[in-house]
Every structure is written in C-alpha cells, then in structure tokens.
Amino acid sequence: MAHFEARTPTATARNAVPLARAAAPGGLMPGERRETVAEQSVPTHAADTMAYQVATDIRALRAFVSAAALARGLSTERVELLTLAVSELATNTLQHTTGGGWVRLWAEPGQLFCDVVDQGPTRAFGRSMPAADSVRGRGLAIVEQICDEVAVLTSPGETAVRIRLGL
C-alpha cells in the first residue's frame, strides 16, 4: 500500500500530510475541485519513461522531459520550469541514493504530471529557502516554488516525487 503526502490550496488528499505550495486551480466551477496530485492514480493516458544512472545522464534526461512536455502541450516557459524541477530531483537522487532512478511523464486533461522515482528515503518538503551563503539545500525548495503541486508517494523499496503543472 502506498503512502501519499501532498498539499493543494483548496483540499488536502486522503491520508495526506501538507508538503508543498500549490497554485489555485483554474477553470473550475464553484464547488468543484480537481484531484490533488496524490489522488491522481497511475497514468490513464500514455506515459513516457526514462531511466538515469549517472550524472552524465542528466543532460539527456532534461532533453527527454522538455520534448515530452512540449509534445503534450505545456508552454515553453512552463517546460523550462518542469525541466529545472526534474533536474533538481534527479540530481538529488544521484547525490543521496544508489542505483539511479527513472522519470515518468504524462498528461491528463488540463494538467501534466511527472514522477521522479528512486529507492531513496522520503524527501522532506516544506522547508524555506536556505540562506544566501549556504552551499547546498536549494533543490527541493526550488521544486516547491516552481511547480503547481508536489507530493511524495512511497511504497516498499520506492519513493516517487510527483509534480503537477497546469497546461
């Protein structure tokens, strides 16, 4: 059974712990709410995946994410933000875990999802940006700032950071 942690501005997912800032969902009628990223199941539409093992794979991973997101209708500006977020998460995987990881990207109506999956421990979100003179520690804070929603999904032997951006 997977454990989900997420935060949205309007509703918290079932069994969820607040983690990340999220932009207000657009285009919804009063009383409607969009599923939170943690409530979103495995992709119902075609997903693209790519594995990464070493630091030299990150350049190809960025190109993969950019191309897949553009093909699904994400604006150029938002593609750059998604690519930065995935790059930060994949870099954390390579710095803090063994065995590399993989990325899965898919779109649902009006939104794009991306999972960055590895075998590392649950990430601690909800931190403020480190001091200007800090050498490290900005990656997860950056991801929280530039994505509409961020969630951590855990299952035995696997941790996924799921990010969502509106199309």
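Residues numbered from 1 in each chain as written. Predicted model: local features only at pLDDT ≥ 70, side-chain atom pairs only at ≥ 80, totals over all residues. Heavy atoms only, no water.

**Q** Quick rundown of the environment of V86? Include the residues and the values.
**A** Checked against the element boundaries, V86 lands in helix α2 (residues 76-96). For V86, a relative accessible area of 2% translates into the label buried. Separated by 30 residues in sequence, V86 and V116 place their C-alpha atoms 7.0 Å apart. Aside from chain neighbours lying at most four places away, what touches V86 is L61, V65, V103, C114, V116 and I163. (Helix = DSSP H or I, 4+ residues; strand = E, 2+ residues; numbered from the N terminus. Buried < 20%, exposed > 50% of the residue type's maximum accessible area, 1.4 Å probe, protein only. Contact = heavy atoms within 4.5 Å.)

**Q** Hey, could you go over the nonpolar core for me, with residue numbers and the actual values?
**A** Of all hydrophobic cores here, the largest spans 30 residues; its most connected members are L82, V86, V103 and I163. Listed by contribution, the elements that provide at least two residues to this core are α1 (58-71), α2, β3 (101-108), β4 (111-118), α3 (139-146), β5 (149-155) and β6 (158-166). (Core = buried A, V, L, I, M, F, W, Y, C linked by side-chain atoms within 4.5 Å.)

**Q** How would you explain the packing of α1 against α2 if you had to name every residue and give the values?
**A** Two elements in contact, α1 and α2, have axes whose closest approach is 9 Å; the angle formed by their N-to-C orientations is 145 degrees. In terms of crossing hand, the pair formed by α1 and α2 is right-handed. Judged by residue contacts, I58, L61, R62, V65, S66, A69 and L70 of α1 engage T76, V79, L82, T83, V86, S87, A90, T91 and L94 from α2. Residue composition of the contact of α1 with α2, by class: ten nonpolar, five polar and one charged. (Axes fitted to C-alpha atoms, helices over the stretch in contact; angles between N-to-C directions. Left-handed = near helix turned anticlockwise from the far one by under 90°. Nonpolar A, V, L, I, M, F, W, Y, C, P; charged D, E, K, R; others polar.)

Bear in mind that shape data such as this cannot, by itself, settle questions of function.
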